Amino acid sequence: MELLEEMSTDTDLNTDTRRDAHALVESVCNYTFLVFLPFWNHILSSIDVVQKRLQDPHMNFREAAADIQMLEERIRRERDTVCNIALEAGEKICQEWGVAMDRRSRRRKRMPGETSDDEPMTIRAEMDSVLKSILDRLSMELGNRFQRLKDLDHSLGFLLDVKQLITSEENLQENCKTAVQYYSDDFDGAELWHEVDDCRMLLRTRRVTNSDIKIPETPLELFNFLVSYGDNLCPNLQRALRILLAVGISVASCERSFSKLKLIKNVLRSTMLQDRLSNLAIISIECEEFKKLNMESLIDKFLRARPGRFGRLYDLK
């Protein structure tokens, strides 16, 4: 603030710079701005914690739905407290900086037939109403925008706990009936229930014949176990697991993909075609899996598969 005030009165600077600095000082030295400053600091700090958790690659939609629900409940629970803290902090800064908080009292428009006069709304009451309306709208938008995520948790959330799925029958039939209400075109609820029971029996049988077989602990491990016996084994359960594993929790991976494209297709690669760009983007995004590959063996396979010039290179090798 001191720097802006000095710039607004510094005659060594040009007129535009002094005018912009003066405008910034007037915008900052405002009761409304000074109240919104601690208000948004508190709200955005809470949102940032949840946002970082949603970007975790290991996050599943059940934990994501729980975090969103927790944030929504926290906003509703701390509604009055957050508004009072922001108002008091703004008034304190105004007193320290000498910012005037007086404003013309605004009266509510009298409707036809009204005879009584209402008390004029003070600037504190007006700001309190604005802050509470923001929190109410934020809570409503969180509920509406993430309703699909909550529905997904309600329908397929029981498949995330694989240990309970293959060891306990508690609420299994009800969960299968709930899932088919959302995905009636993809699988049958009754058959899904029976296939989960068949999968349990198959795992018990394999454990008896081979004690080294590992019991699946995640939906991906369970899906790989079923796929290893073919697509005809528990087809409804396989479809349900495919839907479960294909659901994206957030758009963080998509944003990272576009960021990678900016780095890959630079000025030196302006003539790159679509196929090569897609392949390089996949390699860059899935760099952890790419590092596990043995490049020497891949090059040998490529040379063997290509006749002509590449074949002669392989012979020389």
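Please read these numbers as outputs of a predicted model, since none were measured by experiment. (Residues numbered from 1 in each chain as written. Predicted model: local features only at pLDDT ≥ 70, side-chain atom pairs only at ≥ 80, totals over all residues. Heavy atoms only, no water.)

A.B. asks: Would you mind going over the overall build of the protein chain in detail, with residue names and values included?
C.D. replies: Counting its secondary structure elements, the protein chain contains 17 helices and zero strands. Looking at the protein chain as a whole, 28% of its 317 residues qualify as buried. Within the protein chain, contacts between residues at least 6 apart in sequence are counted, and of these 61% link residues at least 24 apart. If you sum the accessible surface of the protein chain, you get close to 21,900 Å²; carbon and sulfur atoms cover 53% of it. (Helix = DSSP H or I, 4+ residues; strand = E, 2+ residues; numbered from the N terminus. Buried < 20%, exposed > 50% of the residue type's maximum accessible area, 1.4 Å probe, protein only. Contact = heavy atoms within 4.5 Å. Areas by Shrake-Rupley, 256 points an atom, 1.4 Å probe, with all protein chains shown as cover.)

A.B. asks: Can you explain the nonpolar core? Please cite residues and give values.
C.D. replies: Core analysis: the biggest nonpolar cluster contains 54 residues, and Leu156, Leu159 and Leu237 have the highest contact counts within it. The leading source of residues in this core is helix 3 (residues 31–54), at seven residues. Dropping the residues within four chain positions of it, Leu237 is found in contact with Leu159, Leu192, Glu195, Val196, Cys199 and Leu226. (Core = buried A, V, L, I, M, F, W, Y, C linked by side-chain atoms within 4.5 Å.)

A.B. asks: Would you mind going over unusual backbone geometry in detail, with residue names and values included?
C.D. replies: Of note in the backbone geometry, Cys234 takes a positive phi value of approximately 50° without being a glycine. Structurally, Cys234 can be placed in the loop between helix 11 (219–227) and helix 12 (235–246). Using a relative accessible area of 7% as the deciding quantity, one classes Cys234 as buried.

A.B. asks: Which residues make up empty space enclosed by the protein, and what values do they have?
C.D. replies: Summed over all chains, the structure comprises one cavity of 30 Å³ or more. A volume near 70 Å³ is recorded for the largest cavity. If you trace the largest cavity, you find it lined by His42, Ile43, Ser46, Ile47, Leu71, Arg74, Ile75, Glu78, Arg79, Val82 and Leu135. Elements with a minimum of two residues in the lining of the largest cavity: helix 3, helix 4 (61–77) and helix 5 (79–97). The element that contributes the greatest number of residues to the lining of the largest cavity is helix 3, accounting for four residues. Of the residues belonging to the lining of the largest cavity, the class tally is six nonpolar, two polar and three charged. (1 Å grid on protein atoms, 1.4 Å probe; cavity = no way out; pocket = protein on both sides within 12 Å on 5 of 7 lines; lining within 4 Å. Points joined across faces, edges and corners; volume = space filled by probe spheres on them. Nonpolar A, V, L, I, M, F, W, Y, C, P; charged D, E, K, R; others polar.)

A.B. asks: Break down the pattern of salt bridges for me, with residues and values.
C.D. replies: Applying the stated rule across the entire model yields 16 salt bridges. Across the salt bridge formed by Arg137 and Glu141, the nearest N and O atoms sit 3.0 Å from each other. With Arg137 and Glu141 both in helix 6 (residues 123–145) and four residues apart, this pair spans about one turn of that helix. With its nearest N and O atoms 3.4 Å apart, the salt bridge here joins Asp197 to Arg200. Taken together, the residues Asp197 and Arg200, both in helix 10 (residues 189–209) and three residues apart, mark about one turn of the helix. Of the residues examined, Asp197 reaches a relative accessible area of 34% and is grouped as partly exposed. Given the relative accessible area of 4%, Arg200 is considered buried. Via salt bridges that share partners, Arg79, Asp80, Asp128, Lys132 and Asp136 belong to a single interconnected network. (Salt bridge = Lys/Arg side-chain N within 4 Å of Asp/Glu carboxyl O.)

A.B. asks: Pulling in residues and values, what's your account of the packing of helix 3 against helix 6?
C.D. replies: One can describe the packing of helix 3 onto helix 6 by two numbers: an axis separation of 11 Å at closest approach and a directional angle of 25°. The angle between helix 3 and helix 6 falls in the class roughly parallel. In the crossing of helix 3 with helix 6, the sense of the turn from one axis to the other is right-handed. Contact with helix 3, carried on its side by Tyr31, Thr32, Val35, Phe36, Phe39, Trp40, Ile43 and Ile47, involves Ile123, Arg124, Met127, Val130, Leu131, Ile134, Leu135 and Leu138 of helix 6 and no other residues of that element. A class-by-class count of the residues in the contact of helix 3 with helix 6 yields 14 nonpolar, one polar and one charged. (Axes fitted to C-alpha atoms, helices over the stretch in contact; angles between N-to-C directions. Parallel < 35°, antiparallel > 145°, perpendicular 65-115°, else oblique. Left-handed = near helix turned anticlockwise from the far one by under 90°.)

A.B. asks: Before we move on, can you summarise the environment of Ala89 with the specific residues and values?
C.D. replies: Along the chain, Ala89 falls in helix 5. Distance from Ala89 to Phe36, taken between C-alpha atoms, is 9.7 Å for residues 53 residues apart in sequence.

A.B. asks: Report on the environment of Arg19, specifying residues and quantitative values.
C.D. replies: By secondary structure assignment, the location of Arg19 is in helix 2 (residues 15–28). Among the residues examined, Arg19 registers a relative accessible area of 47% and is labelled partly exposed. Each C-alpha atom, one on Arg19 and one on Thr9, is 9.2 Å from the other, the two residues being ten residues apart in sequence.

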